[in-house]
Amino acid sequence: MTRYVFITGGVVSSLGKGIASAALGALLQARGFNVRLRKLDPYLNVDPGTMAPTQHGEVFVTDDGAETDLDLGHYERFTGVAATKRDNTTTGRIYADVLAKERAGGFLGATIQVIPHITDAIKEVIKRDTEAYDFVLVEIGGTVGDIESLPFLEAIRQLGNELGPEEAMFVHLTLVPYIPSAKELKTKPTQHSVKELLNVGIQPQMLLCRCDREIPESERAKIALFCNVRPSAVIPALDVSPIYAVPIAYHDQGMDREVLRHFRLPYDGEPDLSRWRKIVDSMASADGEVHIAIVGKYTNLLDSYKSLSEALIHGGIANKVNVKLEFVDSEIFEKPDAVLRLEGVHGILVPGGFGERGTQGKIEAVRFARERKVPFLGICFGMQMAVIEAARNLAGIADASSSEFPDCGTAVVGLIKEWSHGNVVERREEGGDLGGTMRLGAYTAVLAEGSLVREMYHGAATIQERHRHRYEVNVNFRERLEAAGLLFSGMSPDGALPEIVELPGHPWFVGVQYHPELKSKPFEPHPLFAGFIAAAVRQARLV
Ligand code: GLN
């Protein structure tokens, strides 16, 4: 039997609903169940792919090429279950599908309405392909009370009624603020938020109360009484660090036990949390620190680089060292000598990005890493910048650039209109749609024998990594660039698309066209991040 847990949020946004959902997933796994996590986003974009990362955080890409909400990254990092395009839906997607069906005559004769047509479509999305799972956790984006999320709430209310309590449970995440002048914790926002949910017909069975301090038994009892929830199902969710301690903290507060109890499943035993204890212990016993500069453009919203920051932390776990991240806006390097700011760091990372602003600074940062022999990792746009830097400063192509930018000189990086994916040819038109049309999802790369990356990937001849980009390094420049010292150590199976470049003779210099950060897990640090941080540790010993 598949059981559904619906997770809503109240009071304010940014309470960490994604991590809470992911942690519950991890706890249920630790009890021996298999889980799948899903996210329903109330905004009208068909997917987050066209949004600036500073709006909504990073765009997380799945193996099957969906551009999804960053919470799916939390789900993967906590459960290890690879998400698919089925696991994230938006209001825009639902409406687009329903309207397409209406145009095609799929509802001939009917008046199309939010209830039942939109809500039916939502219910279908929630239940699609879930038969194989013991638990499906469905997170509803936004905050209860928003106009936008109403159709989703209505759909889960209906589902709750159709499935009954044996198969459905509602968990509501709220905030219990501390008011310093009164020296008191306040339960009223939680009460109001639950009332708001009751207005749309949903009675939560568990409250997860975010709070910056212990919630006394008396306050828990008060919340339980006013919100009609079992006192033991009022779960204090205190701030914990690192985030990988969250499953342990929630377990200590009884979360997994209460969920099983709701579903009338045996709840006496203990979950196997050894995986999480090991991660937390290894982070606590880390010795020394390395400083990594992330030279990017969206540095004012750290969620823009969520998976990247986590992957670097995983690299630290692999090397038992603390990783200190320094986000640096690349535009500062456009001033003379500003690049010297990178002198104290032990590794330089140029992440993914779009558009010309800030690129000169990124190229300066690559040059600094190359010339000063500082470990370097270039990801996607960062790899493209590394190739442009090498073309300009090693191969003598002074006007080397990318056709992504206006006034591009020699396009060593260019728009590609046709490429193969397995045995399928994918195409894109110049001036075509921008949404969902990049090279997206998992592609194979073949690694050159004897290369650094081959060693990093433990000798593997081929790898699969996730992509999200429109432009490619032009393979026609391979010979010139290799003659100048840049090795093309990873290629697409047909040899047409450069996937990885490295710099032999440099302590650790790797540029990858894909996004390795999307596949890193705390219990399985990605080999490139483990290797990059290991190189940073060696660098730290040198300086
Ligand atoms: N803007 C570049 C491209 O579209 C890189 C994209 C990225 O870094 N994800 O190819």
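Whatever comes next refers back to the structure up there.
Every chain begins its residue count from 1, and numbering advances along the sequence as written. A pLDDT threshold of at least 70 governs which residues receive local features in this predicted model, and a stricter bar of 80 or more applies before side-chain atom pairs are shown or counted, although totals over entire chains, interfaces and linings include all residues. Note that water and hydrogens are dropped before the side-chain values are worked out from all heavy atoms of the structure.

Colleague: What's the story with the sheet that holds strand 21 (residues 462–469) in this structure? I'm lost.
Modeller: The strands that make up a sheet are held in pairs by hydrogen bonds between backbone atoms, and each pair lies either parallel or antiparallel. Taken together, the nine strands give an open sheet; going across it, the order is 13-12-14-15-25-24-23-20-21, and neighbouring strands pair in mixed fashion. Either end of the sheet is taken by a strand with one partner, and the two such strands are strand 13 (322–329) and strand 21. Averaged over all adjacent pairs, the angle separating strand axes in this sheet is 25 degrees, with direction ignored. By the convention used here, strands pair only if DSSP detects at least 2 bridges between them. Numbering goes from the N terminus for both helices and strands, where a helix is a DSSP run of H or I of at least four residues and a strand is a run of E of at least two. Direction of pairing for strand 14 (residues 347–350) relative to strand 15 (residues 376–379): parallel, over a ladder of three bridges. Residue pairing across strands places Val-350 opposite Gly-378, the latter belonging to strand 15. For helices, the fitted line uses only the C-alpha atoms of the stretch in contact; every axis is such a line through C-alpha atoms, and the angle between N-to-C directions lies from 0 to 180 degrees.

Colleague: I would appreciate a short explanation of the packing of helix 1 (residues 17–30) against helix 10 (residues 255–262) in the present structure.
Modeller: The description of two helices packed together rests on the angle between their axes and the distance between the axes. Remark: helix 1 packs on helix 10, axes separated minimally by 10 Å, with the N-to-C direction vectors making an angle of 75 degrees. Taken together, helix 1 and helix 10 sit at an angle that is classed as roughly perpendicular. Of the residues in helix 10, those in contact with Leu-24, Leu-27 and Leu-28 of helix 1 are Met-255, Asp-256, Val-259 and Leu-260. Note on residue categories: nonpolar means Ala, Val, Leu, Ile, Met, Phe, Trp, Tyr, Cys or Pro, charged means Asp, Glu, Lys or Arg, and polar means any other residue, Gly included. Considered class by class, the residues forming the contact of helix 1 with helix 10 number six nonpolar, no polar and one charged. Roughly parallel here means an angle under 35 degrees, roughly antiparallel means over 145, roughly perpendicular means 65 to 115, and every remaining angle is called oblique. Pairs of residues are marked as contacts when any of their non-hydrogen atoms sit within 4.5 Å.

Colleague: What exactly am I supposed to notice about the side chain of Ser-149 here?
Modeller: Structurally, Ser-149 is set in the loop between strand 6 (135–140) and helix 6 (150–163). Relative accessibility thresholds used throughout: buried, under 20% of the residue-type maximum; exposed, over 50%; partly exposed, between the two (1.4 Å probe, protein chains only). On the basis of relative accessible area, Ser-149 is assigned to the buried category, the value being 2%. Those residues in contact with Ser-149 that sit more than four places away from it in its chain are Pro-42, Gly-141 and Thr-143.

Colleague: I would appreciate a short explanation of the site of the ligand in the present structure.
Modeller: Near the ligand the following residues occur: Gly-352, Gly-353, Phe-354, Cys-380, Phe-381, Gln-384, Glu-404, Arg-468, His-469, Arg-470, Tyr-471 and His-515. Residue Tyr-471 places a main-chain N or O atom 2.8 Å away from an oxygen atom belonging to the ligand. Cavities and pockets are defined on a 1 Å grid built over the protein atoms alone: a cavity is a set of grid points where a 1.4 Å probe fits but cannot escape, while a pocket is an open set with protein on both sides within 12 Å along at least five of seven lines, and lining residues are those with an atom within 4 Å of any such point. More than half of a molecule's atoms within 2 Å of the grid points is what it takes for that molecule to sit in a cavity or pocket. When each cavity is represented as a set of grid points, the ligand is found to reside in the largest cavity. Looking at the shell around the ligand, the elements with two or more residues in it are helix 14 (381–393) and strand 21. Considered class by class, the residues forming the shell around the ligand number four nonpolar, five polar and three charged. When at least one non-hydrogen atom of a residue lies within 4 Å of a molecule or strand, that residue is treated as near it. Definition of a polar contact: a pair of N or O atoms within 3.5 Å, with one able to donate and the other able to accept a hydrogen when the atoms are protein atoms, and with sequence-neighbouring residues admitted only if both atoms are side-chain atoms.

In short, shape yes, function no, at least from these values alone.
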